[in-house]
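Listed below, chain by chain, are the residues.
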Amino acid sequence: AVDVWTRGTAELFAPRLTAIPAGNPTKLSFGMVARVNLVEGDTLNVQMPPPERADFGKRCAILRETTTGVVRLHGARATIGGDAVYQMANDIHVVEFLLDDGDWYPTRPGSGIPL
């Protein structure tokens, strides 16, 4: 019912993620999706936004466009899926991260490699 209701509302009430202009960013921002496109041998370390109480319930995302390279996310005083460092799986996919109660929760559990 909530999904049906939000589809009919203005974007102010059902915000969408917007793209970070630069590819392979080293820092994520709330409400933004980062595109990651790496070649074999590349490693990208990405910092999550700091877990401030005022931001609980906000989200950000990563779109992995290649199966090569290594993408590691660092939680900035928070865990990501229960781990301090979260390495994305090497397949093409999108993962959204929700900040809740001071920790990050991926929308694709089990797709990351705990480090």
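Higher on the page you've got the structure.
These notes cover the structure that comes with them. On a predicted model such as this, the values are computed, not experimentally measured, just so you know.

Looking now at the side chain of aspartate 55. Residue position: aspartate 55 is located in the loop between β3 (43-47) and β4 (59-64). Given a relative accessible area of 14%, aspartate 55 falls into the buried group. A polar side-chain atom of aspartate 55 sits 3.0 Å from a polar atom in the side chain of lysine 58. Those residues in contact with aspartate 55 that sit more than four places away from it in its chain are Phe30, Pro50 and Leu99.

Moving on to the sheet that holds β4. Taken in spatial order, the five strands make up an open sheet running β1-β2-β4-β7-β8, and their pairing is mixed. Where the open sheet ends on each side, the last strands, each with one partner, are β1 (18-19) and β8 (103-106). When β4 meets strand β7 (residues 93-100), the two strands line up antiparallel, connected through six bridges. Considered in β7, the bridge of isoleucine 62 is made with valine 95.

How each quantity is defined
- Note that residues are indexed from 1 along each chain, following the sequence as it is written.
- pLDDT decides what is reported in this predicted model: residues at 70 or higher carry local features, side-chain atom pairs at 80 or more are listed and counted, and totals for whole chains, interfaces and linings draw on all residues regardless.
- Where side-chain values are given, they derive from all heavy atoms of the structure, hydrogens and water being excluded.
- A run of H or I in DSSP becomes a helix once it reaches four residues, and a run of E becomes a strand once it reaches two; helices and strands are each numbered from the N terminus.
- Only protein chains enter the area calculation, which uses a 1.4 Å probe; residues under 20% of their type maximum are buried, those over 50% are exposed, and those in between are partly exposed.
- Think of a polar contact as two N or O atoms within 3.5 Å of one another; within protein, one of them needs to be a possible hydrogen donor and the other a possible acceptor, and neighboring residues in sequence only count if both atoms come from side chains.
- Here, two residues are considered to be in contact whenever any of their heavy atoms come within 4.5 Å of each other.
- Here, strands pair whenever DSSP counts at least two bridges between them.

Keep in mind these numbers describe shape, not what the thing actually does.
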